[in-house]
Structure formats: C-alpha cells, structure tokens
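Spelled out from the first residue to the last, the chains are:
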Amino acid sequence: MSGVPVPVIASISLPVGKFVQARVDGFTFNLDTIWSTGVAALVVLALGLAVARSASKHVPGKLQLFWEVVVDAVQKQVEQSIGSKAGPVVPLAIVLFVFIFVANLLEIIPSGARQVALPSPTADINTPLAMAAVVFVVYTSAAFKHKGISGYFRRYLQPSWWLLPINVVEELVKPFTLSLRLFGNLFSGGLMIMLLSLLPAWISWLPTGLWKLFDMGIGVIQALIFSLLTILYYEAAVSAEGH
Amino acid sequence: MLAVTDFLLPNATFFAELVAFLVVLGVLAKWVLPYISKAMAERQAEILQGIEAGDEGRRLLQEARAERERLLEEARAEGRLIVEQATKVAGQAKEEILANAREEAARLLARAESAIQRSTELANEEVRRNLVELVMAAAERVIGAELDAAHHRRLIEEAAAELESSAS
C-alpha cells in the first residue's frame, strides 16, 4: 500500500479502555487486569517472603536493602506526622507503595505492540479504587476509634455548621481523587505507548523506549504519592484538629 | 480513532482487586514486615550498643588518663618531698660533720697547745739545768776552787729565778 502513513494511523482503532472480559452471574470481570494483578501480587509476595526468610541484622542484601529503605522512609514519615497514633497505617503505606510500584513497572515490560499481554493493573480504575477503598476504611475506622462517633461527626461542622456540605464532599471525594490520580497517570502512560506503537517499527523503538524510561519515573512517583497521601489522610483522621 | 468505552466505571473486577490487595497486605503485614522491622531494630540496637561501648571505652580511657595524671602528680610530689628530706638530712649531716670537725680541731689544737706548753716547760727546765751546770763549770774555772756544790747550786738557781722573773 502506497501513500503517507497518516491515513493508516487514522484508520486504526486503539483499544483504549477495552479489556478481556468475562461475565459471571451478571458480573463483569476484566480478566487481563486480574491476571496482571495476580502477577504483581506474586512478585511482591515472592520479594517479601524471600527477604523475610533471610532477613539479617548484619549487612543486608540488595533486596533487603530495598525493603528496609521503604520501611524506614514510611516509618519516619509516619513518626513525623502522626507519632504514637500510627496504628495500621505503617504496613498499609508500605504495602501500597511496593504493590503500586511493582504494578506500575509491569507497563514497561515489553509484552506486545498493543500492550495486551501484561497491562499495568493500575491503569484499570478498579485497582486504584479498590486500594483507595481500603485506605478510606482504614482511616475512617481510625478516626472513629480516636475521636468516637460524636467526635467523628462533629468535625464535619468545623469550623462552622454551614460548611457541612463542603466537608462531606471533601471527605467523600478523597478516595476518588486518590484513585483517579493514579489511574489517570498510568492510563495515559499506556495510551502513550499504544500511540507510539503506531509509528513505523524501524523508528517506534526509540520513542517507545524513551517513554517507558520516563514512565518508570512516573510509576515510582505515583506509588510514592499514593502512599504519602494515605499517611496524610490517616494523620488528618486521627489528629485532634484534623479534618 | 479512539474508542470510547465505559473504562471510567468500575465493575466486579473491583472486588477481585480488593481481595487480591487485601491478601497481599495481610501476608506482608503478618509474615514479611515484622521480620524486616525486627532485623532493622536489632541492627539499630547493635549500632547503639556499639556507640555506647565506644562511649564507655572513651569514659574509661579518660578515667585512666586522669588516674595516670593523678599518679604522676603524686609521684612528683613524693619525689619533691624525698628531695626536700634528703636535702634537709644532708644539711643536718653536713652541720654535724662540720661541728664534729670543729670540735676535733679544737681538741687537737688544745692538745697541741698543751704539748707545746709541756715542751716549752721541759725545754725551759733543760735550759735552766744546763745553764746552772755551765755557770758552775765556769765559776769553777774562774775561781779555781771547788765550791760547796749544794750551796752554790742554790745560789745559782735563785739567780736564775731572778733572771727568769725579770725576763718574764
């Protein structure tokens, strides 16, 4: 076929937001997302259990060092912002960071031009939303525990009663902003890779490779932001003046 | 052309993801993170122990240095005391020796003076005796006659005594 490539690109339909789905009793499951999540989970569990089995108090190996850097960073952040009321937020923030980090990295693994073999699970809204739901439940239950039921609901009237609707919306919107931020970044990253794959093969490797390198940084930053916001939301939930 | 789907709406995958994440969270929180935290805490405790041991070592070193300085100062003070005592004893011995020497010298001088006195007296006696005999011999030669020896001896001795007293 002769001619410039523009018409060819225009005629291609990108699989944006399309998943390999299965319906079970009326419920729809994105099988590729579940498959990628399973791979990410297995990787994280393998990395964790491997370190736990050989954790040494002496000179740590590279893998243990990675875990210790994450654990130490989260612990310090939590100690600075929350102090003695840390509770379950430390393991939650650590697991969120590592899991999102690994899940985001799946995107850069070469797995086909249209990235269908191993898509990043965080590029599916279901995954960030599930994690954000866990975060919401954890910090809301912590707020109930530290402030009591009346104290929890009283904070929606602070600093004035007429701010009640804004406070409620602000509280309800937290898990959605948390999940949409991660989803948007990873989804757009995947979209960029799909767009770059439309270039001729002899040139597409360069921008695709560069973009995947850039996407690695995005993946780390997004994992960090998700984990950090979890700590901040938890801090706001348990602090005396927090909202 | 981009296909527009309902990819912004969650479906039942949400529950599968929720379960998967909770499993990962549970396993890591129960069987991984405690071991890592434990290893970190033990290492930190060892480091703190090492720092404390270093502090203790430094403290002991400072104590040992202070003790050494104290002992040196004591030794210096004791040395000074010994030197002072030795100087004092030496002075006393010197004074004693000098006193003994002076005493001995005085004694020797007195003995020498006494000996000189005796020698002088003996010499005077000898001179006197010889003088009498010479006078008598001279008188005998002059007068040619033998005089009563005892009488003349007495006269001569009186004359000698007069001479002696006049001389002294």
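Residues numbered from 1 in each chain as written. Chains lettered and ligands numbered in written order. Predicted model: local features only at pLDDT ≥ 70, side-chain atom pairs only at ≥ 80, totals over all residues. Heavy atoms only, no water.

## Points about the environment of Ala40 of chain A
Residues and elements named next belong to chain A.
For step 1, the next point in the chain: Following the sequence through the fold, Ala40 ends up in helix α2 (residues 31-54).
For step 2, the next point in the chain: Expressed as a C-alpha distance, the spacing of Ala40 and Leu118, which sit 78 residues apart in the sequence, is 9.9 Å.
For step 3, the next point in the chain: In this structure, Ala40 is in contact with Phe99, Val102, Ala103 and Leu106, ignoring residues within four places of it in sequence. (Helix = DSSP H or I, 4+ residues; strand = E, 2+ residues; numbered from the N terminus. Contact = heavy atoms within 4.5 Å.)

## Concerning the packing of aromatic side chains
Residue and element names in this part refer to chain A.
For step 1, the next point in the chain: The full count for this structure, using the stated rule, is 14 aromatic pairs over all chains.
For step 2, the next point in the chain: Taken together, a centroid distance of 5.5 Å and an interplanar angle of 80 degrees make the contact between Tyr152 and Tyr156 edge-to-face. Grouping residues by exposure puts Tyr152 and Tyr156 together as buried.
For step 3, the next point in the chain: With a centroid separation of 5.1 Å and an interplanar angle of 45 degrees, the aromatic rings of Trp211 and Phe214 are classed as tilted. Pair noted here: Trp211 and Phe214 are both in helix α7 (residues 201-238), with a separation of 3 residues, about one helical turn.
For step 4, the next point in the chain: A residue is classified by how much of its surface remains accessible, and Phe214, at 46% relative accessible area, is partly exposed.
For step 5, the next point in the chain: Taken together, Phe66, Trp67, Phe97 and Phe101 form an aromatic cluster joined through their ring pairs. (Phe/Tyr/Trp six-rings, centres within 6.5 Å; stacked < 30°, edge-to-face > 60°. Buried < 20%, exposed > 50% of the residue type's maximum accessible area, 1.4 Å probe, protein only.)

## Quick look at unusual backbone geometry
All names here are of chain A.
For step 1, the next point in the chain: Omega for the bond connecting Gln158 with Pro159 falls within 30 degrees of zero, at -10 degrees, which places this linkage in the cis form.
For step 2, the next point in the chain: Counting through the fold element by element, Pro159 comes out in the loop between α5 (126-154) and α6 (164-196).
For step 3, the next point in the chain: One non-glycine residue, Asp25, lies in positive phi territory at about 50 degrees.
For step 4, the next point in the chain: Checked against the element boundaries, Asp25 lands in the loop between β1 (21-24) and β2 (27-30).

## Concerning a nonpolar patch on the surface
All names here are of chain A.
For step 1, the next point in the chain: A cluster of nonpolar side chains, contributed by Leu157, Trp161, Trp162, Leu164, Val168 and Leu172, occupies part of the molecular surface with about 630 Å² of accessible area.
For step 2, the next point in the chain: Mapped onto the elements, Leu172 comes out in helix α6.
For step 3, the next point in the chain: For Leu172, a relative accessible area of 47% corresponds to the partly exposed category. (Patch = residues over 30% accessible without salt bridge, like charges linked within 9 Å, V, L, I, M, F, W, Y side chains within 5 Å. Areas by Shrake-Rupley, 256 points an atom, 1.4 Å probe, with all protein chains shown as cover. Salt bridge = Lys/Arg side-chain N within 4 Å of Asp/Glu carboxyl O.)

## Examining the pairing of β2 of chain A
Residue and element names in this part refer to chain A.
For step 1, the next point in the chain: Only one face of β2 is buried: it carries Thr28 and Asn30, and the other face, with Phe27 and Phe29, is open.
For step 2, the next point in the chain: Note: β1 against β2, 4 bridges, orientation antiparallel. Bridged to Arg23 within β2 is Thr28.
For step 3, the next point in the chain: Between β1 and β2, which pair antiparallel one after the other, the connecting turn spans 2 residues, and Asp25 there sits at a positive phi close to 50 degrees. (Pairing = 2+ DSSP bridges.)

## Regarding the packing of α2 of chain A against helix α4 (residues 89-105) of chain A
All names here are of chain A.
For step 1, the next point in the chain: As a packed pair, α2 and α4 sit with axes 9 Å apart at the nearest point and diverge in direction by 125 degrees. Considered as vectors, α2 and α4 are oriented oblique to each other. The two elements α2 and α4 cross, and the hand of that crossing is right-handed. Here α2 contributes Thr37, Ala40, Ala41, Val43 and Val44 to the contact with α4, which in turn contributes Val98, Phe99, Val102 and Ala103.
For step 2, the next point in the chain: Among the residues forming the contact of α2 with α4, the class breakdown is 8 nonpolar, 1 polar and no charged. (Axes fitted to C-alpha atoms, helices over the stretch in contact; angles between N-to-C directions. Parallel < 35°, antiparallel > 145°, perpendicular 65-115°, else oblique. Left-handed = near helix turned anticlockwise from the far one by under 90°. Nonpolar A, V, L, I, M, F, W, Y, C, P; charged D, E, K, R; others polar.)

## As for the interface of chain B and chain A
For step 1, the next point in the chain: The partner chain A presents 53 residues to the 34 residues of chain B that form the contact.
For step 2, the next point in the chain: Together, the buried faces of chain B and chain A total about 3600 Å²; carbon and sulfur atoms form 74% of this surface.
For step 3, the next point in the chain: Taken as a group, Phe7, Glu17 and Phe21 of chain B account for 18% of the area that chain B buries against chain A, more than any other trio of residues on that side.
For step 4, the next point in the chain: At the surface where chain B touches chain A, the tally comes to 2 salt bridges.
For step 5, the next point in the chain: A salt bridge links Glu68 of chain A to Arg43 of chain B, with the shortest nitrogen-to-oxygen separation between them at 2.7 Å.
For step 6, the next point in the chain: Viewed at the interface, chain A and chain B are joined by 12 residue pairs in polar contact (both at pLDDT 80 or more).
For step 7, the next point in the chain: For the side of chain B that touches chain A, the elements supplying multiple residues, two or more each, are α1 (13-31) and α2 (33-143) of chain B.
For step 8, the next point in the chain: The residue inventory of the side of chain B that touches chain A, partitioned by class, reads 26 nonpolar, 4 polar and 4 charged. (Buried area = accessible area lost by both parts, 1.4 Å probe. Polar contact = N/O pair within 3.5 Å; in protein donor to acceptor, adjacent residues only side chain to side chain.)

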